[in-house]
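# Summary of structural features
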Amino acid sequence: MRFDSVFFAHALTETAVGHATLFTGAQPVAHGIVGNEWYDLVQKRRRGVVDDASRRLLGASSPLEGGLSPALLRASTIGDELSRASGGRALVYAVSLKERGAIFPAGHAGKAFWYDDRTGDFVTSEYYFLEVPPFLAAFNAARPVDRYKNGVWALLRPASEYLHAKEDDRPFEQSYRGLGRTFPHPLESTPGDHVRTVKRTPFGDELTLELVRALLDSEAFGRDEIPDLLAISFSATDYVAHHFGPESLEAEDNLLRLDRTMAGLFEALLGRVRREDLLVVLSADHGGPETPEVLRARGIDADRHDTAALVKELNDALETRFGTESRFIADFTLPCFWLDEDAVRTRGLELESVERALAEAVLARRGFALAVTKSDLLRKSLPSGVVYERIVANFDRERTGNVYVVPKSGWLLATDSGGLTTMHGTPWDHDVHVPLVFWGAQIPARRVTRPVDPRDIAVTLAELLGVPRPSAASGRVLEEVVAAATRD
Ligand SMILES: [Zn+2]
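Attention in this report is confined to the structure presented alongside it. Quick caveat: nothing in here was measured; it's all calculated off a predicted structure.

### Regarding the coordination of the zinc ion
Summarising the metal site, the zinc ion is bound by the protein donors Asp238 (OD), Asp238 (OD), His242 (NE2) and His424 (NE2), whose distances to it range over 2.0 to 2.5 Å. A relative accessible area of 13% means that aspartate 238 is categorised as buried. Taking the relative accessible area as the measure of exposure, histidine 242 reaches 10% and is therefore buried.

See below:
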């Protein structure tokens, strides 16, 4: 059963926010994961949303800096509820190329594994295990990533079968570590590069599937009366679009290869679980826009913001306005400017007036649609409208910066804009629109066009499983799915 009108209701359409929303059925304002990263006002530096120095990484062939956990996730997930309702007997696992794509789907009670592009290993953390699980140690010891040493990403099919065959070499595409802009893409231009380049190609998803197979061999999924949850996030689509654009020949080939990888996944699942016992839900953490140059060629106002230059110019504007030598903007992390609040106070200025001046300076530039101050968000004094509602749904008093900005549709804005061909992260339809498919034993093929929300997935699964809804869930049960799945 395919749902065609599926829209996130939050503004910052990024990986962490989307995955947390999918599995909690809650808004970011409720589950707390309002961005991939933000500026920590106490430490005065950026922090990643899954950073947790107290939970070191496990599984890599050499010691790794940093630790990760879901500690900042404030709501329970569908996996947490399933685990609790089964007295911990349900298997809840999540696998992804990205740490954020595994950690939030695994929730608090599950186990997460993700790819580490410093070593080429799949890793987990001390949050989940005391020591490296044997299946993971064996998987990494075989060094599957080294199959891509001297590897090349070539077209899967003859060039004549592609829509975009004639548009391979586009000057705005961003090469990464020797991958280049055109087929065939070499994975290893300098020794060892394949470890980093592989996740930016469809082979990253192939590696993810390989780990899933190892996990299925190691754990008894679907072998008893208790339902299990396996969350898999195939992330190469995101990387390929960032480097080459969603309308590139690379993205087209990636989708053909992802289709093949998914076929391999279904084969692996159906080889171990009875078809009538399997329920598959397919969705995504966010959508994405076309490349600015492509939009511009069609006469649409589009371009990219240079983030570093933007921060400098806006700091200059604040200096001119307030006549002081302070650099009031401490940082920009998508989608917020963060003020050095101590510096503002030291100068005897009202924080709100500096926020307002910054918002005005942003809106005086091309390519911005909205700039909302934290003061207005705290006071709940915003105009009505769906985009403002999406910002409110994405707000957290500690994790949202002083001025929340929204670029115009088509204008690329990122925490660091270097190396990006496209970027998602806006509340516009191209970023909030995602696919949704339920496929399983009794669910018929059918197309549903009424608008639904990705939050509905977790509450629908709770209904089907007969377990409580996740703690902060605000989605609605998809009655079409429940009626079909519970039919006698
Ligand atoms: Zn992305």
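### Section: helix H11 (residues 307–322)
Relative to the 22 Å expected for 16 residues at 1.5 Å per residue, H11 spans 22 Å between its end C-alpha atoms, a close match to the ideal helical length. Among the residues of H11, those classed as buried are Thr307, Leu310, Val311, Leu314, Asn315 and Leu318. Taken around the axis of H11, the buried residues stretch over an arc of 130°, which confines them to a single face. Those residues of H11 that are exposed and aimed more than 90 degrees away from the buried face are Ala308 and Thr320. Those residues of H11 that are buried lie in contact with strand S14 (329–333), strand S15 (336–339), helix H13 (351–363) and strand S16 (368–373). For H11, the side-chain oxygen to backbone nitrogen distance between the N-cap and alanine 308 is 3.3 Å, and the N-cap itself is aspartate 306.

### Notes on the pairing of strand S11 (residues 229–233)
For a regular strand, side chains alternate in direction, first toward one face of the sheet and then toward the other. Along S11, the buried face is formed by Leu229, Ala231 and Ser233; none of Leu230 and Ile232, which line the opposite face, is buried. Across five bridges, strand S6 (residues 92–96) lies against S11 in parallel orientation. Looking across to S11, one finds that valine 95 is bridged to isoleucine 232.

### Considerations on the packing of aromatic side chains
Overall, the coordinates contain 15 aromatic pairs when judged by the stated rule. Taking 6.0 Å as the distance between ring centres and 5° as the angle between the ring planes, the aromatic pair formed by tyrosine 93 and phenylalanine 113 counts as stacked. With a gap of 20 residues between them, tyrosine 93 in strand S6 and phenylalanine 113 in strand S7 (residues 111–116) connect regions that are remote in the sequence. Assigned by exposure class, tyrosine 93 and phenylalanine 113 land together as buried. Ring centres of phenylalanine 322 and phenylalanine 328 lie 6.3 Å apart, and the angle between their planes is 75°; on these two criteria the pair is classed as edge-to-face.

### Examining the pattern of salt bridges
Between side chains of opposite charge, a pair can form as their charged atoms come close. Summed over all chains, the structure comprises 44 salt bridges. Each of the salt bridges in this network shares a partner with another, and the network as a whole consists of Lys44, Asp340, Glu341, Asp342 and Arg345.

### Notes on the packing of helix H8 (residues 236–244) against helix H9 (residues 249–270)
Where H8 contacts H9, the axes come no closer than 9 Å and their chain directions differ by 170°. Viewed along their axes, H8 and H9 adopt a mutual orientation that is roughly antiparallel. Judged by residue contacts, Ala236, Thr237, Val240 and Phe244 of H8 engage Glu250, Ala251, Asn254, Leu255 and Leu258 from H9. The residue inventory of the contact of H8 with H9, partitioned by class, reads six nonpolar, two polar and one charged.

### Section: the nonpolar core
With 138 residues, the main nonpolar core has Phe3, Phe113, Trp114, Phe337, Leu358, Val405 and Phe438 as its most contacted residues. When residues of this core are assigned to their parent elements, the largest contribution, eight residues, is made by helix H7 (residues 203–218). In contact with phenylalanine 337, not counting residues within four places along its chain, are Leu310, Val311, Leu314, Ile329, Asp331, Phe332, Leu358, Val362, Gly401, Asn402, Val403 and Val405.

### Focus on the side chain of arginine 390
Among the secondary structure elements, arginine 390 is positioned in helix H15 (residues 386–392). Arginine 390 gets classed as buried once you look at its relative accessible area, which sits at 11%. If we skip the residues at most four places from it in the chain, arginine 390 touches Phe8, Ala9, His10, Ala11, Pro427, Asp429 and Val432.

### So, empty space enclosed by the protein
Throughout the structure, instances matching the rule amount to three cavities of 30 Å³ or more. Its boundaries defined by the atoms lining it, the largest cavity holds a volume of some 70 Å³. As for the largest cavity, its lining consists of 15 residues, of which Val34, Leu334, Pro335, Cys336 and Arg399 are closest to the centre. Looking at the lining of the largest cavity residue by residue, the class counts come to eight nonpolar, five polar and two charged.

### Section: the layout of surface pockets
Considering only enclosed or pocket space, the second largest pocket measures out at about 1000 Å³ in volume. Surrounding the second largest pocket, 38 residues form its lining, Asn36, Glu99, Arg100, Lys199 and Tyr239 being those nearest its centre. Of all the secondary structure elements, the ones that give two or more residues to the lining of the second largest pocket are strand S3 (45–48), strand S4 (51–58), strand S5 (67–68), helix H4 (99–106), S7 and H8. Sorting elements by how many residues they give to the lining of the second largest pocket places H8 first, with four residues. Here the lining of the second largest pocket is built from residues that sort into 12 nonpolar, 11 polar and 15 charged.

### Description of the sheet that holds S15
Where strands meet in a sheet, backbone hydrogen bonds hold them as pairs that are either parallel or antiparallel. If you trace the four strands from one edge of the open sheet to the other, you get S14-S15-S17-S16, paired in antiparallel fashion. With partners counted over all chains shown, the strands left at the sheet margins are S14 and S16, one partner each. Each strand of the sheet is rotated relative to its neighbour by a mean of 20°, with strand direction disregarded. Of the strand pairs in this sheet, S15 and strand S17 (residues 403–407) are connected by two bridges, and their pairing is antiparallel. Looking across to S17, one finds that phenylalanine 337 is bridged to valine 403. This element, H11, spans S14, S15 and S16 of the sheet and lies at about 145° to S14. Taken strand by strand, H13 contacts S14, S15, S16 and S17, and its axis lies near 180° from that of S16.

### Description of the environment of alanine 26
Here alanine 26 lies in the loop between helix H1 (15–24) and helix H2 (28–31). On a C-alpha basis, the gap between alanine 26 and serine 76 in space is 9.3 Å, while along the polypeptide they are 50 residues apart. For alanine 26, the residues in contact, after removing those within four places along its chain, are Thr21, His31, Arg455, Ala472, Ala473 and Ser474.

Quick notes on the rules
- Residues numbered from 1 in each chain as written.
- Predicted model: local features only at pLDDT ≥ 70, side-chain atom pairs only at ≥ 80, totals over all residues.
- Heavy atoms only, no water.
- Donors = N, O, S within 2.8 Å, 3.2 Å for Na, K, Ca; no water.
- Buried < 20%, exposed > 50% of the residue type's maximum accessible area, 1.4 Å probe, protein only.
- Helix = DSSP H or I, 4+ residues; strand = E, 2+ residues; numbered from the N terminus.
- Expected span 1.5 Å × (residues − 1).
- Arc of directions from axis to C-beta.
- Contact = heavy atoms within 4.5 Å.
- Polar contact = N/O pair within 3.5 Å; in protein donor to acceptor, adjacent residues only side chain to side chain.
- Pairing = 2+ DSSP bridges.
- Phe/Tyr/Trp six-rings, centres within 6.5 Å; stacked < 30°, edge-to-face > 60°.
- Salt bridge = Lys/Arg side-chain N within 4 Å of Asp/Glu carboxyl O.
- Axes fitted to C-alpha atoms, helices over the stretch in contact; angles between N-to-C directions.
- Parallel < 35°, antiparallel > 145°, perpendicular 65-115°, else oblique.
- Nonpolar A, V, L, I, M, F, W, Y, C, P; charged D, E, K, R; others polar.
- Core = buried A, V, L, I, M, F, W, Y, C linked by side-chain atoms within 4.5 Å.
- 1 Å grid on protein atoms, 1.4 Å probe; cavity = no way out; pocket = protein on both sides within 12 Å on 5 of 7 lines; lining within 4 Å.
- Points joined across faces, edges and corners; volume = space filled by probe spheres on them.

Nothing here speaks to function; it is geometry throughout.
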